[in-house]
Amino acid sequence: MQPKYRRRRQWAGALSIALVLLLVGTLGYIWYQREVVGTRDYAGTGNGKIVMVRVDEGDSVASLVPELVEKNVVGSRRALMAEVSKQAPTLQAGYYPLQEEMSAKSALEKLSDEKSRRGVVDIPTGLTLENVTVVGGKPREGIYSLVSKQTCQDNNTCVSPEKLREAVARTSPADLGVPQWAQEPVSRRGEDPKRIEGLISPGIHVFNPTSNPVEIMKSLISASAKQYENTGLVSAASKIGLNPYEMVTAASLIEREAPANDFDKVGRVILNRLKINQKLEFDSTVNYSLSEQEVATTDADRKRITPWNTYAKQGLPDTPIASPGLKALHAIENPAPGDWLYFVTIDKDGTTVFNRDFAEHEKAIERSRANGVLDSGR
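Criteria and thresholds
Residues numbered from 1 in each chain as written. Predicted model: local features only at pLDDT ≥ 70, side-chain atom pairs only at ≥ 80, totals over all residues. Heavy atoms only, no water. UniProt positions renumbered as here; feature names shortened; annotations may be inferred. Buried < 20%, exposed > 50% of the residue type's maximum accessible area, 1.4 Å probe, protein only. Helix = DSSP H or I, 4+ residues; strand = E, 2+ residues; numbered from the N terminus. Arc of directions from axis to C-beta. Contact = heavy atoms within 4.5 Å. Disulfide = S-S within 2.5 Å. Phe/Tyr/Trp six-rings, centres within 6.5 Å; stacked < 30°, edge-to-face > 60°. Lys NZ or Arg CZ within 6 Å of the ring centre and 35° of its normal. Salt bridge = Lys/Arg side-chain N within 4 Å of Asp/Glu carboxyl O.

Per an unreviewed UniProt entry, the protein chain carries the name Endolytic murein transglycosylase and comes from Corynebacterium resistens. Listed under Catalytic activity (unreviewed entry) in UniProt, the entry text for the protein chain is "a peptidoglycan chain = a peptidoglycan chain with N-acetyl-1,6-anhydromuramyl-[peptide] at the reducing end + a peptidoglycan chain with N-acetylglucosamine at the non-reducing end." UniProt, in its Subcellular location (unreviewed entry) section for the protein chain, records the words "Cell membrane".

Written out as structure tokens, the structure is:
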């Protein structure tokens, strides 16, 4: 046999062997992926390595499977979907701190547990940035504290309230997402962490908890600005005779002062007093800078000169004193017709009396005191 034919037969044999080995390897890989990886389910609650998983409105577990498998949160699609068939979970939008190598059951329990959800903060109407101590009542957590809690991937990875305050104090208003109509008054407050008071709207906000403090605060402020502007705030401001920032400030007073059914009347009182340059004298503006707050204020409190105390200064407070809800904004945008200059709540059911005449207002105050509304716990 010629040497060249022998070499050809040797190459052909080697190639055949290689093809057989490749086929065997491929079949083995397919078997392994299908029978081992394809059905693999880890044991336990994970290996300690946090993986943040985002859930959007309308997401299902099936839509999250590729990410959960790729990030090694669960062992396989089949294991997870088998667990889904048992639990039929409902997912809520937000971010969830899962771990690598979780059992399908553990992963699903975390995704279904609202307490596990992060990056979702629900701001009540009338809330302030800082925590408030209420005389004779429960302390109220402020926005900084609520947001901080929603950044925690575990006990060691929270963005602290201090970091959020620092971001607000040291970042330009524009870079914080402050709308143009609020940038100048916010700048005037210098590095005061409360300079964005009132600019985070009540309601549910979703943000990325893994972002840095500036990005977190910017997402909240930008979304709130859009919500406020969608009420017609800017166009209404020119009609009312205030600028948009003053409108938000006035709305915050309504939110903290007015009974639910009298928002538009209190809005009119504010505008009537501003028009004749009469001090607003709202106790809520006195309370804003106090470490302990209650409905009643003392003579000493009302004499304190602060940027917010409308007993001691003319006009509106320098900033909003809380986050006004849409109802309060609508009230200042569309105040009730009336000539009232005074109002006081006279009973614990929230009945409020409005007057133009100060002597009549004093009589209403006496009724309020007699009913214990203005009692002080200090």
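There's plenty left to go through after this.
Let's talk about helix α7 (residues 180-188)
Listed in full, the buried residues belonging to α7 are W181, A182, P185 and V186. Taken down its axis, α7 places every buried residue within 105 degrees of arc, on the same side. Contacts from the buried residues of α7 go to α8 (213-229), α9 (233-240) and α10 (244-257).

Observations concerning the UniProt feature "site: Important for catalytic activity" (unreviewed entry) in the protein chain
In the UniProt entry, the feature "site: Important for catalytic activity" (unreviewed entry) is given for E257. The residues touching E257, leaving out its near neighbours within four places in the chain, are F282, D283, S284 and F343.

So, the state of the cysteines
For the structure on display, the rule yields one disulfide. Put simply, C152 and C158 are joined by a disulfide, and their sulfur atoms are 1.8 Å apart. Taking the torsion about the sulfur-sulfur bond, which here is approximately 120 degrees, the covalent link between C152 and C158 counts as right-handed. Judged by its relative accessible area of 15%, C152 falls in the buried class. Overall, C158 belongs to the partly exposed group, its relative accessible area being 33%.

Quick notes on the packing of aromatic side chains
For any pair of aromatic rings, geometry is given as the distance between the ring centres together with the angle between the planes. One pass over the full model with this rule turns up five aromatic pairs. Where F282 meets F343, the ring centres are 5.6 Å apart and the plane angle is 85 degrees; that geometry is what we call edge-to-face. Separated by 61 residues along the polypeptide, F282 in the loop between α11 (263-275) and α12 (283-287) and F343 in strand β7 (residues 342-345) bring together distant segments of the chain. The exposure class assigned to F282 is buried, which follows from its relative accessible area of 3%. Members of the aromatic cluster, joined through ring pairs, are F282, W340, F343 and F354. Over the ring of W308 we find K194; its NZ or CZ atom is 4.8 Å from the centre of that ring. Residue placement shows K327 over the ring face of F263; its charged tip is 5.1 Å from the ring centre.

What about the pattern of salt bridges?
Tallied over the full model, the rule gives 14 salt bridges. Note that D192 is salt-bridged to R189, the shortest N-O span being 3.2 Å. For E366, the salt bridge identified is with R369, shortest N-O distance 3.0 Å. Of this pair, E366 and R369 both sit in helix α15 (residues 358-370), three residues apart, which is roughly one turn of the helix. Residue classification places E366 among the partly exposed positions, given a relative accessible area of 47%. Among the residues examined, R369 registers a relative accessible area of 48% and is labelled partly exposed. In the salt-bridge network here, residues are joined through shared partners; they are E130, E162 and R165.

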